[in-house]
Amino acid sequence: MKTWLSKINPNFLARHWHNESLFLSLSMAMLQQILFFITLGVAGYLIRKRVLRILDNIRLGKKQEISDRKNERLNNVLMIAFGQKKMFKRFIPAILHFFIYVGFLVINLEVLEFMIDGLSGTHRIFAPYLGGLYNILMNVFEFLALAVLLACVVFLIRRNVIKIPRFQSAEMTKWPTLDGNLILTIEIVLMLAIFTMNASDQILQTRDDHYTPTGVLFLSTFLTSGLQQYSTSTLINIERFAWWFHIIGILGFTLYITYSKHLHIFMAFPNTYYSNLEPKGHINNMPVVTREVKSMLGLATTDANLPAEPGKFGAKDINDLSWNNLMAAYSCTECGRCTSECPANLTGKKLSPRKIMMDTRDRMEHVGKSLGTGGAGLNDGKFLLGDYITKEEINACTSCNACVEACPILINPLEIILELRRYVAMEESGSPAQWNAMFQNIETSFAPWKFSAADRFNWSKEEK
Ligand code: SF4
Ligand code: SF4
């Protein structure tokens with residue numbers, strides 16, 4: 001592998017070997033290499049720590065075995081997470097999001113070169129090996145960078161100027177709003193850094209023969225006329241600043257998204273894989289309760305693996321939900337498509353399925369932080385139900401599945417709502433009085449209305 005020293009043209013070295021500034025440059029190059037090692041090490045440590053915290057938080061959930069229908073699950077990952085299929089129900093945001101997504105995937109290939117250059121002290125290490133292909137790739141990266149930049153600007157306008165209603169609802173408080181704006185702004189600045197770096201690099205290629213030729217980079221040449229006025233040493237500083245800004249930005253961005261809704265960039269993939277494949281409307285019965293009912297009706301009950309006692313009904317806190325529900329909360333993009341389709345929300349009820357997912361994540365984060373600092377964790381006297389999500393919210397749900405259908409990454413807020421409601425109904429007997437009357441009717445008359453079971457099929461009799 002070529003190092004920063006071997007990359008320098010030998011004639012150039014021969015001419016300037018006694019030149020003090022050359023030694024200064026070489027020392028600077030070495031210093032940069034050392035700084036890069038330190039930066040990468042610190043970033044790697046912080047990112048790893050945070051990822052482990054998130055995994056531990058997800059493990060707070062109940063066990064759930066999901067190992068069936070592997071092909072269907074892989075298909076979901078390919079079509080929904082990778083192919084963005086559900087996004088295209090709303091074309092304009094979908095196409096803008098697609099640019100950012102493809103830009104993120106493809107431009108990150110360039111980050112690989114950044115990493116190798118940073119670690120080995122080289123500059124544009126792939127350029128000599130790829131020749132003309134390098135020029136094509138760099139131009140593709142630049143066009144994608146422009147597409148990302150424009151898409152981010154449009155998204156910022158949609159959020160802050162047009163004020164799209166789904167970004168203005170009650171749960172979009174200061175932090176979620178700031179988070180959305182911050183990430184878009186960071187992406188714009190990172191893309192500008194790429195253009196600045198490429199533009200100054202192209203000028204340096206014409207002034208100093210130890211800069212590897214890249215061929216013309218079409219978009220960044222538009223910036224070169226503005227930079228030509230600067231001296232070579234200033235341009236070197238600009239190029240280096242843009243390079244460092246971009247790489248520190250990428251590492252900082254990676255750490256930041258672990259605290260942000262942008263974690264969906266990674267979490268959408270496992271989330272779609274482990275999503276609920278049952279038909280919408282299927283409600284998970286509790287097998288233990290089914291056994292009890294069957295036994296009351298005198299039907300055979302065969303499953304010997306079931307525990308003798310039913311345990312807790314439903315969920316009061318995050319540890320009563322499954323790990324899959326908790327992972328879904330980390331996957332939520334806060335796009336609000338679920339809330340914008342929710343009939344309860346649209347008719348002015350307090351319920352917002354997006355808030356259900358945000359609250360679940362907030363509770364996990366709170367408990368995780370407390371556990372990480374030796375605090376009380378789950379025993380802090382707070383619960384997901386009551387302290388984060390109120391009964392009024394969960395009681396407003398019609399179980400219509402519109403939110404599930406709307407979610408672009410197959411999140412199911414209804415599962416969490418039903419578990420919380422099951423707890424209220426079965427552990428607290430805390431459902432509204434009208435509901436309790438209905439439950440009783442179902443128990444005694446097998447119908448929500450109060451009439452005798454014997455009269456149930458009267459409607460089918462011929463009138464005399
Ligand atoms: S299932 Fe409940 S939360 Fe989801 S859209 Fe329907 S009413 Fe809203
Ligand atoms: S649950 Fe799905 S639709 Fe709702 S905000 Fe999260 S990602 Fe968007």
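Rules and cut-offs
Residues numbered from 1 in each chain as written. Chains lettered and ligands numbered in written order. Predicted model: local features only at pLDDT ≥ 70, side-chain atom pairs only at ≥ 80, totals over all residues. Near = placed C-beta within 6 Å. Helix = DSSP H or I, 4+ residues; strand = E, 2+ residues; numbered from the N terminus. Nonpolar A, V, L, I, M, F, W, Y, C, P; charged D, E, K, R; others polar. Core = buried A, V, L, I, M, F, W, Y, C linked by C-beta atoms within 7 Å. Buried ≥ 20, exposed ≤ 12 C-beta atoms within 10 Å, placed from the backbone. Domains from an automatic or database assignment. Contact = placed C-beta atoms within 7 Å. Axes fitted to C-alpha atoms, helices over the stretch in contact; angles between N-to-C directions. Parallel < 35°, antiparallel > 145°, perpendicular 65-115°, else oblique. Left-handed = near helix turned anticlockwise from the far one by under 90°. Arc of directions from axis to C-beta.

Caption draft 1: Here's a closer look at the site of ligand 1. Around ligand 1, the surrounding shell holds 15 residues, and the nearest of these are Cys 342, Cys 397, Cys 400, Ala 402 and Cys 403. Where the shell around ligand 1 is concerned, the elements lending two or more residues are α14 (343–346), α18 (402–406) and α19 (413–426). It is α19 that contributes the most residues to the shell around ligand 1, three residues altogether. Split by residue class, the shell around ligand 1 holds twelve nonpolar, three polar and no charged.

Caption draft 2: Summary view of the nonpolar core. Leu 326, Cys 403, Cys 407 and Leu 420 are the most contacted members of the largest nonpolar core, which has 48 residues in total. Looking at this core, the elements with two or more residues in it are α2 (20–58), α3 (70–82), α10 (264–273), α12 (323–331), α15 (353–372), α16 (384–388), α18 and α19. Per-domain counts for this core show at least three residues from each of domain 1 (10–58 + 90–272) and domain 2 (313–429). Excluding residues within four positions of it along the chain, Leu 420 makes contact with Gly 314, Ala 315, Leu 385, Ile 389 and Ile 394. Among the nonpolar cores identified, the runner-up in size contains 27 residues, and Ile 100, Leu 144, Met 197 and Ala 242 belong to it.

Caption draft 3: Quick peek at the environment of Asn 325. Inspection of the secondary structure assignment puts Asn 325 in helix α12. For Asn 325, a count of 23 C-beta atoms within 10 Å translates into the label buried. Separated by 292 residues in the primary sequence, Asn 325 and Gln 33 have C-alpha atoms spaced 43 Å apart.

Caption draft 4: Structural context of the packing of helix α7 (residues 174–207) against helix α9 (residues 232–257). It is the contact of α7 with α9, at a shortest axis distance of 8 Å, that shows an interaxial angle of 150°. Our classification of the angle between α7 and α9 gives roughly antiparallel. Of the two elements, α7 crosses α9, and the hand of that crossing is left-handed. Where α7 abuts α9, its residues Ile 186, Leu 190, Ala 193, Ile 194, Thr 196, Met 197, Ser 200, Asp 201, Ile 203, Leu 204 and Arg 207 lie against Thr 232, Leu 235, Ile 236, Ile 238, Glu 239, Ala 242, Trp 243, Phe 245, His 246, Gly 249 and Phe 253. Residues belonging to the contact of α7 with α9 are distributed by class as follows: 14 nonpolar, five polar and three charged.

Caption draft 5: Main features of the packing of α3 against α10. The N-to-C vectors of α3 and α10 enclose an angle of 140°; their axes lie 8 Å apart at closest approach. The two elements α3 and α10 meet at a crossing, and its hand is right-handed. Between α3 and α10, the residues in contact are Arg 73, Asn 76, Val 77, Ile 80 and Ala 81 and Ala 268, Phe 269, Thr 272 and Tyr 273, respectively.

Caption draft 6: Seen up close, the domain arrangement of the protein. Each domain of the protein was delimited in the assignment, giving domain 1 (10–58 + 90–272) and domain 2 (313–429). At the junction of the two partners, domain 1 supplies 18 residues and domain 2 supplies 22 residues. Of all the elements in the fold, those that place two or more residues in the side of domain 1 that touches domain 2 are α2 and α10. Sort the elements by how many residues they give to the side of domain 1 that touches domain 2 and α10 lands first, with six residues. Within the side of domain 1 that touches domain 2, the residues separate by chemical class into eight nonpolar, five polar and five charged.

Caption draft 7: Structural context of the environment of Gly 118. Assignment of secondary structure puts Gly 118 in helix α4 (residues 91–120). The partly exposed category is assigned to Gly 118, around which 19 C-beta atoms lie within 10 Å. A C-alpha to C-alpha distance of 72 Å links Gly 118 and Leu 297, two positions 179 residues apart in sequence. Other than its neighbours up to four places away in sequence, Gly 118 contacts Phe 36 and Ile 247.

Caption draft 8: Structural detail: α10. For α10, the complete set of buried residues consists of His 264, Met 267, Ala 268, Asn 271 and Thr 272. All buried residues of α10 fall inside an arc of 130° around its axis, so they share one side. Among the structural elements, α3 and α12 are those in contact with the buried residues of α10.

Caption draft 9: Region of the structure containing unusual backbone geometry. A positive phi angle, near 75°, is found at Asn 401, a position not held by glycine. The topology assignment puts Asn 401 in the loop between α17 (391–395) and α18.

Caption draft 10: Main features of the environment of Ile 66. Within the secondary structure, Ile 66 sits in the loop between α2 and α3. Exposure remark for Ile 66: the 14 C-beta atoms within 10 Å place this residue in the partly exposed category. Along the backbone, Ile 66 and Val 293 are 227 residues apart, and their C-alpha atoms lie at a distance of 26 Å.

Caption draft 11: View of the site of ligand 2. Around ligand 2, the structure places 15 residues, and the nearest of them are Cys 332, Cys 335, Cys 338, Arg 354 and Cys 407. Those elements that provide at least two residues to the shell around ligand 2 are α13 (337–341) and α15. Residue contributions to the shell around ligand 2 peak at three residues, all from α15.

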